[in-house]
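# Structural characterization, general
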Amino acid sequence: MGTNYNLVAMIPARMGSKRIPQKNIRYMAGKPLIQYPIDFAKKSGKFKSIWVNTESEKLGALCKTMGVNFHRRPQELANDTATNRDFMYEFLQKHNCDYVVMFNPTSPALRQETVNSFIEYLQSNDFDTILSVAEVKAEAFFKNRKVNFDGQDKIPSQLLEPIHFVVWAMTAWKRDTFIKLQESNECPIFGGEVGQFVIPGDESVDLDTEEDWRVAEALLLVRENKFHLEAKYLDL
């Protein structure tokens, strides 16, 4: 049985993005990008409060009309050098909770059932940090060294030990642990006991470039049956 933690959702939404300008207010498959994480958090029904963390007064006011709260990010934490560590610490100093769950607007391809399962995973455990990860079964190298295979033979990919990589779609931190580590000058982002929650591959797209945007939008349109693709095969 899960623990009834006091959960707060936080959505980072800096307006000064350089790689995809003004991405948070740009329409993705028919609705503003910022609305995706807002909808995920609201539809879960598990959060005491939901906050959009932005330096933009206009975006903050707009998000209030979507039924969530506005946390005004200080300007010094709204530049290109500000990190999750910086603005999350500032946020947690002002919001009491057991856990904060950060929903990234750059992961619009999540499904609601995945979001709900992430929260169930959080409530069923006692991790200090939970990272959303994608899983790949492929031969992997790090600094020219084999990671998950010995190279003695080519084995079927389904028998390989999977590699996990962090996608930052959703991240959960235990508030007390995060603050303690930050104030001890230790990195709280990967702090304490860390859990990994695997999300499906087609939900792991992360919006860093225009190419990522096109991939994510095409995926969402296909899901909405805007394009109906039937399986077809060559006649043998």
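Our structure is the block above this text.
First things first, this report covers the structure right here in the doc. This is a predicted model, so every value here is computed, not measured.

## Looking at the packing of helix α3 (residues 84–92) against helix α5 (residues 175–183)
- Across the interface, α3 lies against α5 with an axial gap of 10 Å and an inter-helix angle of 120 degrees. Between α3 and α5, the crossing angle belongs to the class labelled oblique. Every pair of crossing elements has a handedness; the one defined by α3 and α5 is left-handed. Contacts between α3 and α5 pair Arg85, Met88, Tyr89 and Leu92 from the former with Arg175, Phe178, Ile179, Gln182 and Glu183 from the latter.

## Here's the deal with the nonpolar core
- Ranked by size, the top nonpolar core spans 46 residues in total, and within it Met28, Ile34, Ile38, Phe47, Val52, Phe103 and Leu122 carry the most contacts.
- Sequence-distant contacts of methionine 28, that is, excluding residues within four places in its chain, are made with Leu33, Tyr36, Pro108, Leu207, Trp213, Ala216, Glu217 and Leu220.
- Among the nonpolar cores identified, the runner-up in size contains 17 residues, and Val8, Met10, Ala82 and Leu92 belong to it.

## Some thoughts on the packing of aromatic side chains
- Tallying each qualifying case throughout the model produces 8 aromatic pairs.
- Seen in terms of ring centroids, tyrosine 5 and tyrosine 99 are 4.9 Å apart; in terms of plane orientation they differ by 70 degrees. Their pairing is edge-to-face. A residue pair is termed long-range when its members are at least 10 positions apart, and tyrosine 5 in the segment before β1 (7–12) and tyrosine 99 in strand β6 (residues 99–103) qualify at 94 residues.
- Taking relative accessible area as the criterion, tyrosine 5 reaches 14% and is therefore assigned buried.
- Here tyrosine 99 falls in the buried class, since its relative accessible area comes to 1%.
- Aromatic side chains tryptophan 173 and phenylalanine 178 sit 5.5 Å apart centroid to centroid with 70 degrees between the ring planes, which places their arrangement in the edge-to-face category. In terms of burial, tryptophan 173 and phenylalanine 178 fall into one category: buried.
- When the ring centre of tryptophan 213 is taken as reference, the NZ or CZ atom of arginine 26 above it lies at 4.2 Å.

Rules used throughout
- Sequence order sets the numbering: in each chain, residues are counted from 1 along the sequence as written.
- Whole-chain, interface and lining totals are the exception, using all residues; otherwise, since this is a predicted model, local features are given only for residues with pLDDT of at least 70 and side-chain atom pairs are given and counted only at 80 or more.
- To get the side-chain values, take all heavy atoms of the structure and skip hydrogens and water.
- To obtain an axis, a line is fitted to C-alpha atoms, over the contacting stretch when the element is a helix, and the angle between two such axes runs from 0 to 180 degrees between their N-to-C directions.
- A run of H or I in DSSP becomes a helix once it reaches four residues, and a run of E becomes a strand once it reaches two; helices and strands are each numbered from the N terminus.
- Roughly parallel means an angle under 35 degrees; roughly antiparallel, over 145; roughly perpendicular, 65 to 115; everything else is oblique.
- Two helices that cross are described as forming a left-handed crossing if the nearer one is turned anticlockwise from the farther one by less than a right angle, and a right-handed crossing if clockwise.
- The contact criterion used throughout is that any non-hydrogen atoms of two residues lie within 4.5 Å.
- We define a nonpolar core as any set of buried Ala, Val, Leu, Ile, Met, Phe, Trp, Tyr and Cys residues linked to one another through side-chain atoms lying within 4.5 Å.
- Any residue under 20% of the maximum accessible area for its type is buried, any over 50% is exposed, and the rest in between are partly exposed; the area is computed with a 1.4 Å probe on protein chains only.
- Working definition: rings of Phe, Tyr and Trp (its six-membered ring) pair if their centres are within 6.5 Å, and the pair is stacked with planes under 30 degrees apart, edge-to-face with planes over 60 apart, and tilted otherwise.
- In this analysis the charged atom, NZ for Lys or CZ for Arg, is taken to sit over a ring once it is within 6 Å of the ring centre and within 35 degrees of the ring normal.

By themselves, these are just geometric observations and shouldn't be taken as functional.
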